[in-house]
Amino acid sequence: MSPPPPRRTPSLRQQILRRLVPLHLVVAIASGLISYAVYRDLIEDFMATQMRVLAESYARDLAQPVALAPLSAADIHQRGQFVVQVWSPEGLLVASSAPGLRLARLERPGLQGARSADGQDWRAHAVPAGRSTWGVQVLQSKTFLRHEITTRTLFAIGPIALLVPLLLWVLWRVVNQSSAGLRALAGEVAARDEHRLDPIALERVPQEIVPLVASFNGLLRRLTQAFEGQRRFVQDAAHELRTPIAAMQLQIDNLRERQAPPPGEDPLDRLHAGVGRAAHLVDQLLRLSVQEDAARAAPAEPVDLLALVRESVGQCMALADRRRIEVGFEGAPCAPLRGVPADLRSVFDSLLDNALRYTPEGGQVEVRLRERAGEALIEIEDDGPGIEPALRERVFDRFFRVPGSGVAGSGLGLSIARAAAQRQGLGLELLAREDGRTGLLARIRLPRAGDGAGPRASLTLG
Amino acid sequence: MRALIVEDDEMIGQELVKALSHEAWSVDWVRDGQHAHAALADGHYACVLLDLGLPREDGTQVLRRARQRGDLTPVIVITARAQLDDRVNSLDIGADDYLAKPFERRELLARMRAVVRRRAGAASPLLGEGRVRLDLLTREAVVDGRREALTAREFALLNALLERPGAILSREQLESRLYGWGEEVSSNAIDVLLTGLRRKLGPEAIRNVRGLGWRVAPA
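Cut-offs applied
- Residue indices begin from 1 for each chain and proceed along its sequence in written order.
- As a convention, the first chain written is A and the first ligand written is 1, with the rest following in written order.
- Residue-level local features of this predicted model are given only where pLDDT is at least 70; pairs of side-chain atoms are given and counted only at 80 or more, and the full residue set underlies all totals for whole chains, interfaces and linings.
- The basis for every side-chain value is the complete set of heavy atoms in the structure, and neither hydrogens nor water enter the calculation.
- Helix numbers and strand numbers start at the N terminus; a helix is a DSSP run of H or I with at least 4 residues, a strand a run of E with at least 2.
- Per-residue accessibility, obtained with a 1.4 Å probe over protein chains only, is compared with the maximum for each type, and a residue is labelled buried under 20%, exposed over 50%, and partly exposed between these values.
- Should any heavy atoms of two residues lie within 4.5 Å, those residues are considered in contact.
- What sets the accessible areas is the Shrake-Rupley method with a 1.4 Å probe; for residues, cover comes only from the shown protein chains.
- A pair of strands is labelled paired if DSSP reports no fewer than 2 bridges between them.
- For helices, the axis comes from a line fit to the C-alpha atoms of the stretch in contact; other axes are also lines fit to C-alpha atoms, and the angle between any two N-to-C directions lies between 0 and 180 degrees.
- The definition of a right-handed crossover adopted here requires that, viewed with the strands pointing away, the path from the first strand over the helix to the second runs clockwise.
- Throughout, the accessible surface (probe 1.4 Å) given up by two parts as they are put together, summed over both, is called the buried area.
- Any Lys or Arg side-chain nitrogen located within 4 Å of an Asp or Glu carboxyl oxygen qualifies as a salt bridge.
- Under the rule applied, a polar contact is a pair of N or O atoms within 3.5 Å (in protein, one hydrogen donor and one hydrogen acceptor; residues adjacent in sequence only if both atoms are side-chain atoms).
- Ten residues, namely Ala, Val, Leu, Ile, Met, Phe, Trp, Tyr, Cys and Pro, are considered nonpolar, four, namely Asp, Glu, Lys and Arg, are considered charged, and the remaining ones, Gly among them, are considered polar.
- What pLDDT reports is the predictor's confidence in each residue, on a scale of 0 through 100.
- Working definition: roughly parallel below 35 degrees, roughly antiparallel above 145 degrees, roughly perpendicular at 65 to 115 degrees, and oblique for all remaining angles.
- Two helices that cross are described as forming a left-handed crossing if the nearer one is turned anticlockwise from the farther one by less than a right angle, and a right-handed crossing if clockwise.
- The nonpolar core is taken to be a set of buried Ala, Val, Leu, Ile, Met, Phe, Trp, Tyr and Cys residues, with the residues joined through side-chain atoms within 4.5 Å.
- Centres within 6.5 Å make a pair out of two Phe, Tyr or Trp rings, where for Trp the six-membered ring is used; the pair is then stacked when the planes are under 30 degrees apart, edge-to-face when over 60, and tilted otherwise.
- Distance and angle both matter: a charge sits over a ring if NZ of Lys or CZ of Arg is within 6 Å of the ring centre and within 35 degrees of the ring normal.

(A) Up close: the overall build of chain B. Scanning chain B from N- to C-terminus turns up eight helices and eleven strands. The 219 residues of chain B split such that 47% are buried. Within chain B, contacts between residues at least 6 apart in sequence are counted, and of these 51% link residues at least 24 apart. Of the accessible surface of chain B, which amounts to about 10,900 Å², a share of 51% is contributed by carbon and sulfur atoms.

What follows is the structure in structure tokens.
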């Protein structure tokens, strides 16, 4: 049974959206409703008291004829002024501050709702005056009351309504900033590889994830030690192997000294070649491990490519002479570019050595240096069997050797070249010859600094 | 002539004894640093082969103490550690020469002869490692043991080519080494010199690398 796929924890931003936004909305709505209820009770109670006091004061003095100043519609409906009506025992409206209002005399005394003939809703307080059946009614427009309550409520919840988006905006910023910190941290972690294992600086890391980063730094430290241990092991092993190889070499030389060479092929020659091959392999191993020593990364400097190629060819001429291979060069001096000479030499030497080993005896190796837009190209072309396209990537693997080539290589030269090329940000391609003949064309592309594709910044800075 | 071998590895030690005995050296072999001190103190050796990785006392220590005592016996350091730092370090503390494992018997014997000759003061310094060398005192070329007199320009040209082993020098580089500022150089001056040199040293002694320049054949 396969385990269920791990559920991804939603992002912080999603969590904030999902939880805080509804919560804030609910709180805002609830506080609006509560404010509305509170203001309604407050205003209605206050107004009811006012209406009762007013009605009773009119009812006390009904002996004199009452003269009431008429109110405008705006007074009644917008300013909420009270309408007073005085009714005679005969049921006639003797005085009204709103002459146009048509509202029947209320049957019941006290506070109540009423509706006028024009469809307006009113709150009313009716008082029977003395023992007679005179009556006083005080009315207030419900339109005004509703408007008043709504206005008050809105004023009360206004600040809350403003606060919610402000709060969300602040939260959003905080989350964005901390996730930007996390993204920067992720970039730092992604920049670490076997060549770069320095600890991550804790200064700009958010406090909450400092323990995580500290543990990660611990892991980096242990990795560094492991890599270092591995490098030291390879170096020690290579050094230790040299002693028995030296002993074998001396034994062969001593044997050869003692007996006259037999007619035909001397078996000692083949033994000698085998020992030579073991020595070459040990040398390459050592070079590889020394090269991997990140501490040895030298600072970049302006490099004269032609001089470097000249040195490289000079070093390889011993092998060329032994195998009677003609080495030719074509190209002009080009403007210096920045790089680490040791690494560049490592790339040139390895590729040239490769070409000289795989070209048949008496063959030809061509080295070319030319400039193209924004980059210098170095090409090394040989007469050898070439490499099938399917294998051109695999030959960079350590100890991989093209099957059936029969050449005494170590299988390390090209991986040494590639490692150095990668450190320097160089392009390294193996191609078929462009003139249609069999052979390999190794092309090194050296980008000019300033195109943003120069040697890796960490190396430039040392 | 007596040689002292300081080597803890049995296989190498035995083969070295065989190789040197065959060349008429009389050989003493010690296997650690303390015995090496004792041997150096009472024997007069023409040459010492010193391995650096020794039990009980490191080879570097043996060499340093011997030099502090004023012992001037020629010492060739033999070691598996052949990084540049190791080589420089050994030469600094007083080794006469340095040989990295593995090495060929011929080369070892040649270097032993060379340090002995040098210590005896009999040999003038020779520049170069291959077939063609340059005697810096007599200003003669030495080809397969045969001496050839050189003109001043020929000497300067060969000197430039032999200064660094494996060096390839372009026409411009050779001209700037041979001729002063403002000196008129005819376009075929270098070719004329090279033709002359090849006549004296043999046609294969100085070889052209097409497009890059000239070099001295290494062997």
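(B) Structural detail: the overall build of chain A. When its secondary structure is counted, chain A shows nine helices and twelve strands. Classification of the 462 residues of chain A by burial places 41% in the buried group. Sequence separation of at least 24 residues holds for 65% of the intrachain contacts in chain A that already meet a minimum separation of 6. When the accessible surface of chain A is totalled, it reaches about 26,100 Å², and 58% of it is carbon and sulfur.

(C) Up close: the environment of A:Ala335. Residue and element names in this part refer to chain A. For Ala-335, the position within the fold is in the loop between β7 (326-331) and β8 (337-339). A relative accessible area of 42% places Ala-335 in the partly exposed class. For the pair Ala-335 and Ala-376, spaced 41 residues apart in the sequence, the C-alpha separation amounts to 9.2 Å. In contact with Ala-335, other than residues within four places in its own chain, are Glu-371 and Arg-448.

(D) Looking closely at the sheet that holds β7(A). Residue and element names in this part refer to chain A. Read from one edge of the open sheet, five strands run β7-β9-β10-β12-β11, paired in mixed fashion. Where the open sheet ends on each side, the last strands, each with one partner, are β7 and β11 (427-432). Along the sheet, successive strands turn relative to each other by an average axial angle of 15°, direction set aside. Each of β7, β9 (364-372), β10 (375-381) and β12 (440-447) is contacted by helix α6 (residues 305-322), which is oriented at about 170° to β7, the strand it contacts most.

(E) Broad picture of the sheet that holds strand β2 (residues 26-30) of chain B. Residue and element names in this part refer to chain B. The strand order across the open sheet built from five strands is β2-β1-β3-β4-β5, with neighbouring strands paired in parallel fashion. Strands at the two margins of the open sheet, each flanked by one partner only, are β2 and β5 (97-100). Neighbouring strand axes in the sheet, compared pairwise and without regard to direction, differ in orientation by 20° on average. Against the sheet, helix α1 (residues 10-22) contacts β1 (2-6), β2 and β3 (47-51), and its axis sits at roughly 170° relative to β2. Docked against the sheet, helix α5 (residues 105-120) engages β1, β3, β4 (75-79) and β5, running at close to 170° with respect to β5.

(F) How the structure looks around the pairing of β5(B). All names here are of chain B. As paired strands, β4 and β5 are joined by four bridges and run parallel to one another. Note that in β5 the partner of Thr-79 across the bridge is Ala-100. Handedness of the crossover is the feature at issue here: the chain leaves β4, passes through helix α4 (residues 84-92), returns alongside β5, and the resulting connection is right-handed.

(G) Layout of the interface of chain B and chain A. With 32 residues of chain B at the contact, the number on the chain A side is 33 residues. Here chain B and chain A share an interface that buries about 3,000 Å² over both sides, 54% of which is from carbon and sulfur atoms. If you sort the residues of chain B by the area they bury against chain A, B:Arg105, B:Arg210 and B:Leu212 come out on top, with a joint share of 22%. The partner of A:Asp321 in a salt bridge is B:Arg207, and the shortest N-O contact between them spans 2.8 Å. Between chain B and chain A we count 16 residue pairs in polar contact (both at pLDDT 80 or more) in total. Elements with a minimum of two residues in the side of chain B that touches chain A: α1, β10 (206-209) and β11 (213-216) of chain B. For the side of chain B that touches chain A, the element with the highest residue contribution is α1(B), accounting for seven residues. Taken together, the residues that form the side of chain B that touches chain A break down as 14 nonpolar, seven polar and eleven charged.

(H) Representation of the pattern of salt bridges within the structure. Scanning the model with the defined rule gives 58 salt bridges over all chains in all. We note a salt bridge from A:Arg192 to A:Asp198, for which the minimum N-O separation is 3.6 Å. Since its relative accessible area comes to 11%, A:Arg192 is described here as buried. Relative accessible area serves as the criterion here: at 34%, A:Asp198 is assigned to the partly exposed category. When the shortest N-O distance is used, the salt bridge between B:Arg67 and B:Asp96 registers 2.9 Å. Here B:Arg67, found in helix α3 (residues 59-68), pairs with B:Asp96, found in the loop between α4 and β5; they are 29 residues apart in sequence, far enough to count as distant.

(I) Region of the structure containing unusual backbone geometry. Here B:Lys101 and B:Pro102 are connected by a cis peptide whose omega angle stands at -5°. Note on placement: B:Pro102 falls in the loop between β5 and α5.

(J) Fine view of the confidence of the model for chain A. A residue-level look at chain A finds 92% of positions with pLDDT of 70 or above and a mean pLDDT of 84. Taken as a whole, residues 451-462 of chain A scores under 50 in pLDDT and shows 16 contacts with residues more than four places along the chain or in a different chain.

(K) Looking closely at the packing of helix α7 (residues 341-358) of chain A against helix α8 (residues 413-424) of chain A. Residues and elements named next belong to chain A. Two elements in contact, α7 and α8, have axes whose closest approach is 8 Å; the angle formed by their N-to-C orientations is 150°. Judged on the interaxial angle alone, α8 and α7 are roughly antiparallel. Regarding α7 and α8, the two cross each other, and that crossing is left-handed. Listed contacts from α8 to Asp-343, Leu-344, Ser-346, Val-347, Ser-350, Leu-351 and Asn-354 of α7 are Gly-413, Leu-414, Ile-416, Ala-417, Ala-420, Ala-421, Arg-423 and Gln-424. Counted by class, the contact of α7 with α8 contains eight nonpolar, five polar and two charged residues.

(L) Main features of the nonpolar core. A:Leu305, A:Val313, A:Phe348, A:Leu351, A:Ile444 and A:Leu446 are the most contacted members of the largest nonpolar core, which totals 47 residues. Those elements giving two or more residues to this core turn out to be α6, β7, α7, β9, β10, α8, β11 and β12 of chain A. Of the residues forming this core, the biggest block, nine residues, is contributed by α6(A). In terms of nonpolar packing, the next biggest core, distinct from the first, is built from 26 residues, B:Ala160, B:Leu162, B:Ala205 and B:Ile206 among them.

(M) Quick look at the pairing of strand β5 (residues 134-141) of chain A. All names here are of chain A. Taking burial as the measure, the eight residues of β5 include seven buried ones, the bulk of the element. With five bridges joining them, strand β1 (residues 83-87) and β5 adopt antiparallel strand pairing. When the bridges of β5 are listed, Val-86 appears paired with Val-136.

(N) Just the side chain of A:Ser141, in detail. All names here are of chain A. Mapped onto the elements, Ser-141 comes out in strand β5. For Ser-141, a relative accessible area of 0% puts it in the buried group. Side-chain polar atoms of Ser-141 contact the side chain of His-77, separated by 3.0 Å. Dropping the residues within four chain positions of it, Ser-141 is found in contact with Ile-76, His-77, Asp-121 and Trp-122.

(O) The packing of helix α7 (residues 171-178) of chain B against helix α8 (residues 189-201) of chain B, seen in detail. Residues and elements named next belong to chain B. Two elements in contact, α7 and α8, have axes whose closest approach is 10 Å; the angle formed by their N-to-C orientations is 85°. Comparing their axes, α8 and α7 come out roughly perpendicular. Facing α7, whose interface residues are Arg-171, Leu-174, Glu-175 and Leu-178, α8 presents Ile-190, Asp-191 and Leu-193.

(P) Examining the packing of aromatic side chains more closely. In the structure shown here, the tally under the stated rule is zero aromatic pairs over all chains. We note A:Arg418 situated over the ring of A:Phe396; from NZ or CZ to the ring centre the distance is 4.0 Å. One Lys or Arg, B:Arg31, reaches over the ring of B:Trp29 and ends 3.8 Å from the middle of that ring.

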